[in-house]
Every structure is written in C-alpha cells, then in structure tokens.
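# Observations on the three-dimensional arrangement
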Amino acid sequence: MILKDKQLFVNDYYMPGMLNAVTYRTGIDKGILQTVKLPPETDKGYKIITNNDIPGKKNINFFGTSIPILADYEINFRGEPLYIIVYDSEENHKTALDGIIPGIKAKPPLSFEKDKLEENQIVYQKFFSFGSGSSDPLFNDELESYTAIIPVTDNFHSSEYHSRYCEPFGAIAQPDKNGITIYTVSQWPEHVRKSVADALNISQKNVKVIITALSTPLEGRIWYPSLISSQAAVAAHITGKPVKLILSKYETYNFTPRQHPFRITHKTWVSKGKLLKMHINLDIDAGAYPLIIEELFEKTFIQASGLYECNDITMKLRLIQTSKPPMSFISGINFSQIMISLEKHISNIIRQEKISPVTWRKENILSDSIKKNSLFIIPGDDIKSINSNRNSASAILENVSKASDFERKYASFELLRLNKHKNIKTHSSGIGLALSFFNNTIPFKSMIKDKLSLKLLLDSKSYLNIYTSTVPDGIHNYDIWKNTAGEILGIPTDNIFILPHQTDLAPPSAAYPFSKGLAGFTELLKNGCQSLQKKRFRNPLPIEITASLSLNKLSKDDYAWGSAVVELSIDNHTYEIEIKKITCCFDCGHIMHKEIIDKTVYSGIIDSLSWISGAENMSTDKNRLIQNDNIRHFLNIPIYTEYINNTKKNKSISIGDLPLSLIAGAYYSALIQALGVDIDRMPVTPENIHDILYKNRSK
Amino acid sequence: MIIRFILNSVEAEIDVNPHSRLSSVLRDNFGLLSTKESCYNGECGSCTVLLDDEPVPACVIPVFTVKNRSVVTLEGFENTENYEIIRKSLKTSGCNLCRYCYQGRILVIHHLLQKYSELNDNEIFEALSGNRCECTDFKSLKKGIKLANLTINRKKKAGKL
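This text gives an overview of the structure that appears in the document. (Residues numbered from 1 in each chain as written. Chains lettered and ligands numbered in written order. Predicted model: local features only at pLDDT ≥ 70, side-chain atom pairs only at ≥ 80, totals over all residues.)

### Section: the overall build of chain B
Within chain B, the secondary structure is distributed over 6 helices and 5 strands. For chain B, the residues scored as buried account for 49% of the 161 residues in total. Sequence separation of at least 24 residues holds for 62% of the intrachain contacts in chain B that already meet a minimum separation of 6. (Helix = DSSP H or I, 4+ residues; strand = E, 2+ residues; numbered from the N terminus. Buried ≥ 20, exposed ≤ 12 C-beta atoms within 10 Å, placed from the backbone. Contact = placed C-beta atoms within 7 Å.)

Rendered as structure tokens:
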C-alpha cells in the first residue's frame, strides 16, 4: 500500500522480527588493525559483521573515490566503522560490545597544521592561471613590473562546517525473496541502489530504495546514506532479518561528512584602485578520503578569484589528506568559505585605497568583454562563457547600499577607526558589505548524460499522482511542485499527490543537488504537465506519462547574485558582538514562492551567524551538544531582504548557499572596521578576538 | 512494573521497565509515532509531550514518573479546536514546519498560548528555544504564533472557546 502524503521517518518504521544494529568504531585517528578478538557467538542473540563478511564490493564509490564500508586493515580517521553489531536486545548488545577487543597499532595522525605537513599528505596539487598571468609556479614576487607596488596580503583560516540534522541518520534493510528493500533518506536514491547492489553482489533490479521523510535539507548526505544503507544491507543479508541501523547524535556530529577547514592567502598588487595581479594560495583539508574532482577545483578557482576585473590571476591549490572524517558537498566544496575570504580581502584593499566599497565594486565587476575570454569556461565543455551580468550586480549593490545607508555609515565608522586612539569608547561600530554569486549549480561532466525524470498519473478521479526518485531539498519544494502542476492542469493542490520516492515506482532520476535542484525539476514538471494536458481531452482517464530532462539541457550560465550589509558593534571590554542590522538584496531570477525563498534566506543568515560565532559545538567528552545563547540572540536581529530580477524574466535560479557566504563576508568586513585589526580565523569568539588584539598590541 | 496514567484523555496501563524512556514507551508500546526521538538528551525538543499540561522532553522522563498523571501527545491534541487554530495560523503565516519538530513545536505553542493571553517576543523566544530544528525561519513562526494568539483571544471574547 502506498501512503500518500504520509510522512514516516526512518526511525518510525518497524517490521516484525526486526533487529537493531550499531557500528563499532575506532577510537584512534590513524593506525593498523593487527589483531582482533571477537566474542563467541554461542547463541543467536547477536552477530558481529566484519569486512570479510561483505559478499560483494567492500567499498562504495563516489566520483572515483573509494570509501570502505567497514575498515579492513588500515584505519584512516577517528570513528571509522570497524564492525557492525546486530542484536536483538540491549543485553546482547552489551555482551557483544564488551567482547570485542581490537588490537590496533596507532600511527601519528595526519595533521592540517602547516609545520606538521608531510609530503605524502598532498594528494592533489595544481596551478591555475588566467589572463596575461604568469604561470610561474614558484610565485616569485619579485616580478619587475610590480616591484614598485606593495601587495596587500590577507590570510584566512576557516573552521569546520557541519550541516545539522534534526532527524536521526540511518537506514533499514529488509531482505525478501526478490532481493532487498532499503528505507533511508538520500537525495541520490540511484547511488544507494547501486552501492547496495555492489555490496551484496546482486543485480540492481533486486534492490528497492524507499526514501523516508526528511526534515532539514540534505546537504552533506550525498554519498553517506549509501554507506549506511550498504552496512544495513550486509547485516540484513547475513542475518536474513530486517535490520535497523540508526546513528546516534554523537556519531552524526562527529563521524559523518562535513566541510573541513582551509587556509587561503590572497596577495594582490593594486594600483590606483585597480587589481593588477593576484596570487592565491589555497590549502584544503580533504579529510581521510579526499574527493579528487577536477571540475570542482576549476570552480574553486572561479570562486577564489571572484568576479572582479584582474588580468593576471594565479592560484596554487593543494588538497591535503588528514585524519578526519571524509568530506562532502556541504555548500559546495569550500565555495562559501572562499568567497568569505575573498570579500574580506577585497574590503581590506578598498580600505587601504580609501575608496567607497560600493563605487569600487561597481567599477570593478567583470565586464562583458572579459567574460568572453577564458575565465568562465566550464571545464571540458564547449567554450561557453558564464554571464557575469554587470547590470544585476550594480543594481543589487545600489539597492543594498541605499537601504542600509551604507555610504554615510561606512565613512563615519572609517573615520572613527582611523582616529581610534583618540576616541576610546566602550563600544566600537563597523559596517561591512559583500557581493557574491552562487556557483554550485552546474552538474559535473560525468553526470551530463544523467536525466531528471518523473512519471505523472492522472487517475480516473482526476487526481494527479507524481512519481519521481528525485528527492528535493526539503518538503517546502512540494508546495511549488503542487502549485506548478495545479496551475497548468487546473487541478486543486489538494488533489495532487507526491508519492513516496521509490526506485521501483519512479523512473531513475539524477541527484537533485547536482541538477540545479528546484529550478531544473520545476522545468521538467512543467514540460510533463503540458504533455499531460495535451493528452487529457483526447484520451480516456487514467493517463500516464513519463517525462525526462537531460542535465545537459539545463542552462549553465545562470548564477544567482547577492549583496549584503552587516552593521555591528562590539563591546571593547567583553568583546561581545551585537549585530544591529542586516540588509540583503538578491537577484535569483523569477521568484517561484516568496515565503520559501524568505525562509531560505533567513535560515541561511542564522546558519551563517552561528557558524561564524561558533555558536554550536559538540563537547568531546560527552554525548551532548552545547549551545550558547548566540542563536537566540540572532533570532532578534532586524533583517531586511529585497529581491530584484535583472537576470531573466521568467527564469528561476537556485539561491543555494549565497546567504551563507554573503553574511559572513560582510560580517568580517564590519568586524575588521570596528576593531581596526584584521581577523583571519573562524570562529569569531571573544577568546579569538582577544588573542588577535593581544598579538597586534604586542607588535 | 505496571504503570497507570492518562494518555490523551484515555486511561492507559502498561507493564514495562519503570526506567524506560517515556518517548520510547509512547512510540514502541502505544504506537504514537508523532513523538520523535533524536538527541536522547532533552535538548532537541523533538520528543516534547505535555505532562500535566507542561511541555517536557519525553526522552529524559523515566516512565514511572508519569504514574497517575496526564500525558498528551500530538495524536491527542490534534482533534481539538486549538490545534486547528494553531495549524491554520502557522500555514497562513507561511510557516511550514517539518514533521520532525512539528509535534514538539505545536505542543509548546499550545502551552504558550494557554499561559499568556498577551504575547511578547521574549516569551516566544523563551518558549521555542527548546526546539533546535532549523526547518523554518523564526520570523514566520513568530508571525504564526501571534496570529494564533489573536484568533484565540477573539474567539474567547466571542464566547466560542
């Protein structure tokens, strides 16, 4: 029976005879598994599954990177799964747990710190250059033409970024005579299906994936559900019973994918307010299993060099393997962080040049003639330039500046900063501006043949049923789908049902995050509904149609633009930061649903602020989250948002993680103005501020 | 141990380990799946139920403590007029709560509306700070709560509640 509009989370499912499973994880960062003593399985109360028990492939594959389902010999990060314990009661769980004694030889962990870096940790290194750019890999600063100009140098060290999930992360595997059924939450059901089939060495036809309800957007859960599902599937295959594997909050927070920190140095030669030459040094902490995807690094280059006119850009990128959990695509691959550091750097340049940030940005946005060259070329694709849309950027800058009274406040706070020694006050104020674009929407070259697909069934009662294995970012997307279909077919939204995402019911479909998400799928839905409408009065009900849209056909040159102004004040004694006001303006094309975009922006802002201020941390010794009062404080901040559509009249563009990078960029600029010193790290805690001020004073 | 209590206005009796979590008992023994479990530390607010009309995190409440007391979950509350008012107000204000935090937030909002006839922002912040889900923005949530408050007050004045 198919439950329409019924939302059951993975933890809500119960099957007769179901066993529970947990993963036994390593307690060390790096090492070798030498010996192991497992408890005797005298009765059937528990079963311990090791790497050797996996009948098929022992790794899951994600864009060429192999990640072990269970560690075999080498341990690469703390919390790497070693065994699966399947049990029927808590007592048996405890007996099994107490009986496992692994003999692990510890090795020194791989660190991201500069002075502890080993040669073999650098798994990928590349030099990028653009324009007249010197392809000098040694980054020789003594180039003749620039000797007279002192470069502006900025360092930035980001912190980890987690995506927080409310519902438990997990999977249920139910074996049956035809194969296996997996219940999990994933935005890429086809990847889950393939991974499980490979792990069990069975045909993909025998694997059915049912996507359970989700609360917050999936973000980091691109490949991880495939790993958990494979673990649950192996356990179910061996025991012959349904197995539920649910991760605890502690496991989710500490051992699942996240974005690791990076180090970036921007060095720019500036003359008369023009960027002459830019050198970028970027080290990315790639975790234990680095994802090496060339196209991503090309995008990183685009992001790190920004949309400002500079004819000579060079970037050295290094991907560093460390003993941390693997990475995922949470807000791209450090795209947001890179934009933050760039905007901070640009603000510092502008401050030194004593120009208005608004005027400078307007004058230095890439012009159309430059975009035609080579910077914005999708790697491996035909030469297609990406629309830099100067008009849009200028318009949003104008809007945000006027709405926040930026020019006047900036000049005033700048004067206070320059005369700081004369004006010792209890509070210092600052205002910062950032301009950014969203770059994470283009599917990879290897996915270009993939299609977004759906099946529409208009039944005999004129009820529309939508079947798809494409899983959206959040349930709010369903409202847009229903409204879109309802408008075209003239059906009340109450009579439109989005059926549970099941691989056996719906045609195979591409992953949502790589396919311009909502904008792409809505285009497909429109096409499907229009085809259905044509058939509606010619054919008797029920009518069924299948529609698909190749990712290749999705426009690649649509970037969402945004600008934000953050105004804050800092207590000079306690370093407590109070955000006075946030003003933003976005150009993300046609707005499909005002409330949903408002929600995305607002949540993105709160997320960004809690990330910058380190508002949430998991304590290392206890299984609990620590939350300070910052988040509650953020809820009270006045936020003004405006949307313009200078891009394309009836086209929607995903806004993605734009608020995340924008707010942080503006926040840093404002903070630097208020404090009068550069802030080069994350999170911005009173301790870090004190540390930076102390170092600057001692200098 | 046999525990008797009022569950959603109906007398309930169960023979369980007295130290079991209330949330687990509600889900596993009574099949009340709207009570979600997430952090098991009383921090995320997904498991909130009303214990003698006070919102409590059911995951840290041992079941023996509910003996002879009244427990209300969303299943018991969703047939009331107040629930309809809250649901409609949230929908009107554009607040789409995910199903994971839904029960917790709805019950907390109900308690808040029962406690105060006039609401200010601080009381709303205070009440909702116990729920950590990020599925919605606070702005629309606040708007929805104020709208519900207004509707309830009007209905009370008109003698319809």
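### What to know about the overall build of chain A
Assigned secondary structure in chain A consists of 16 helices and 27 strands. When burial is assessed residue by residue, chain A has 50% of its 699 residues classed as buried. Contacts in chain A between residues at least 24 apart in sequence constitute 82% of all its contacts with a sequence separation of at least 6.

### Re the packing of helix 13 (residues 594–612) of chain A against helix 15 (residues 658–675) of chain A
Residue and element names in this part refer to chain A. Close contact between helix 13 and helix 15 brings their axes to 8 Å; oriented N to C, the two are set at 50°. Judged by the angle between their axes, helix 13 and helix 15 are oblique. For helix 13 against helix 15, the interelement crossing comes out right-handed. Only Pro659, Leu660, Ile663, Ala664 and Tyr667 of helix 15 make contact with helix 13, whose side of the interface consists of Val601, Gly604, Ile605, Asp607, Ser608, Leu609 and Ile612. Residue classes in the contact of helix 13 with helix 15 are distributed as 9 nonpolar, 2 polar and 1 charged. (Axes fitted to C-alpha atoms, helices over the stretch in contact; angles between N-to-C directions. Parallel < 35°, antiparallel > 145°, perpendicular 65-115°, else oblique. Left-handed = near helix turned anticlockwise from the far one by under 90°. Nonpolar A, V, L, I, M, F, W, Y, C, P; charged D, E, K, R; others polar.)

### Observations concerning the sheet that holds strand 13 (residues 207–211) of chain A
Residues and elements named next belong to chain A. With mixed pairing, the 7 strands of this open sheet are ordered in space as 3-7-1-14-11-12-13. The two strands at the open ends of the sheet, each matched to only one other strand, are strand 3 (46–49) and strand 13. Going across the sheet, the axis of each strand differs from the next one's by a mean of 20°, ignoring polarity. Where strand 12 (residues 179–184) meets strand 13, 5 bridges bridge the pair, whose relative direction is parallel. Note on strand 13: the bridge partner recorded for Thr184 is Ile211. Those strands touched by helix 1 (residues 90–99) are strand 3 and strand 7 (81–87), and its axis lies near 150° from that of strand 7. (Pairing = 2+ DSSP bridges.)

### A few points about the interface of chain B and chain A
Across the boundary between the two partners, chain B contributes 26 residues, which contact 25 residues of chain A. Looking at the side of chain B that touches chain A element by element, the count peaks at 3 residues for helix 6 (residues 138–157) of chain B. By residue class, the composition of the side of chain B that touches chain A is 10 nonpolar, 8 polar and 8 charged.

### Digging into the pairing of strand 2 (residues 31–37) of chain A
Residue and element names in this part refer to chain A. Here 2 bridges tie strand 2 to strand 6 (residues 74–75), and the two strands are oriented antiparallel to one another. Residue Gly31 lies in a different strand from strand 6, and its bridge partner there is Ile75. Bridge count between strand 2 and strand 8 (residues 101–106): 6 bridges; the pairing is antiparallel. In the sheet register, Lys37 faces strand 8, and the bridge partner there is Ile101.

### With respect to the sheet that holds strand 24 (residues 577–587) of chain A
Residues and elements named next belong to chain A. Strand order in the open sheet formed by 4 strands is 18-23-24-27, with mixed pairing between adjacent strands. On the outer flanks of this sheet lie strand 18 (427–438) and strand 27 (639–644), each paired with one strand and no other. Each adjacent strand pair in this sheet contributes to an overall mean axis angle of 10°, direction not counted. Pairing of strand 24 with strand 27, which is carried by 6 bridges, proceeds in the parallel orientation. Paired with Thr583 across the two strands is Tyr640, which belongs to strand 27. Strand contacts of helix 13: strand 24 and strand 27, with the helix running at about 135° to strand 27, the strand carrying the most contacts.

### A few points about helix 7 (residues 357–364) of chain A
By the burial criterion, the buried members of helix 7 of chain A are A:Pro357, A:Val358, A:Arg361 and A:Asn364. Seen end-on, helix 7 of chain A carries its buried residues on one side only, within an arc spanning 150°. (Arc of directions from axis to C-beta.)

### Notes on the environment of A:Glu363
Its place among the elements puts A:Glu363 in helix 7. For A:Glu363 and A:Tyr308, which are 55 residues apart along the polypeptide, the C-alpha to C-alpha distance reads 9.0 Å.

### What to know about the nonpolar core
Residues and elements named next belong to chain A. With 229 residues, the main nonpolar core has Ile182, Ala232, Ala235 and Ile663 as its most contacted residues. Element by element, the count of residues in this core is highest for helix 15, at 13 residues. Not counting residues within four places of it along the chain, the set of residues in contact with Ala235 comprises Ala21, Ile49, Ile84, Val86, Ala173, Val243 and Leu245. (Core = buried A, V, L, I, M, F, W, Y, C linked by C-beta atoms within 7 Å.)

### Thoughts on the environment of A:Lys409
All names here are of chain A. Here Lys409 shows up in helix 10 (residues 406–418). The partly exposed category is assigned to Lys409, around which 19 C-beta atoms lie within 10 Å. For Lys409 and Leu635, which are 226 residues apart along the polypeptide, the C-alpha to C-alpha distance reads 24 Å. Lys409 has contacts with Ile431 and Glu567, leaving out every residue within four places of it along the chain.

### Thoughts on the packing of helix 4 (residues 102–115) of chain B against helix 5 (residues 121–128) of chain B
Residue and element names in this part refer to chain B. Remark: helix 4 packs on helix 5, axes separated minimally by 10 Å, with the N-to-C direction vectors making an angle of 140°. For the element pair helix 4 / helix 5, the angle class is oblique. By crossing handedness, the relation of helix 4 to helix 5 is classed as right-handed. Between helix 4 and helix 5, the residues in contact are Arg105, Val108 and Leu112 and Glu123, Ala127 and Leu128, respectively. Along the lines of polarity and charge, the residues of the contact of helix 4 with helix 5 split into 4 nonpolar, no polar and 2 charged.

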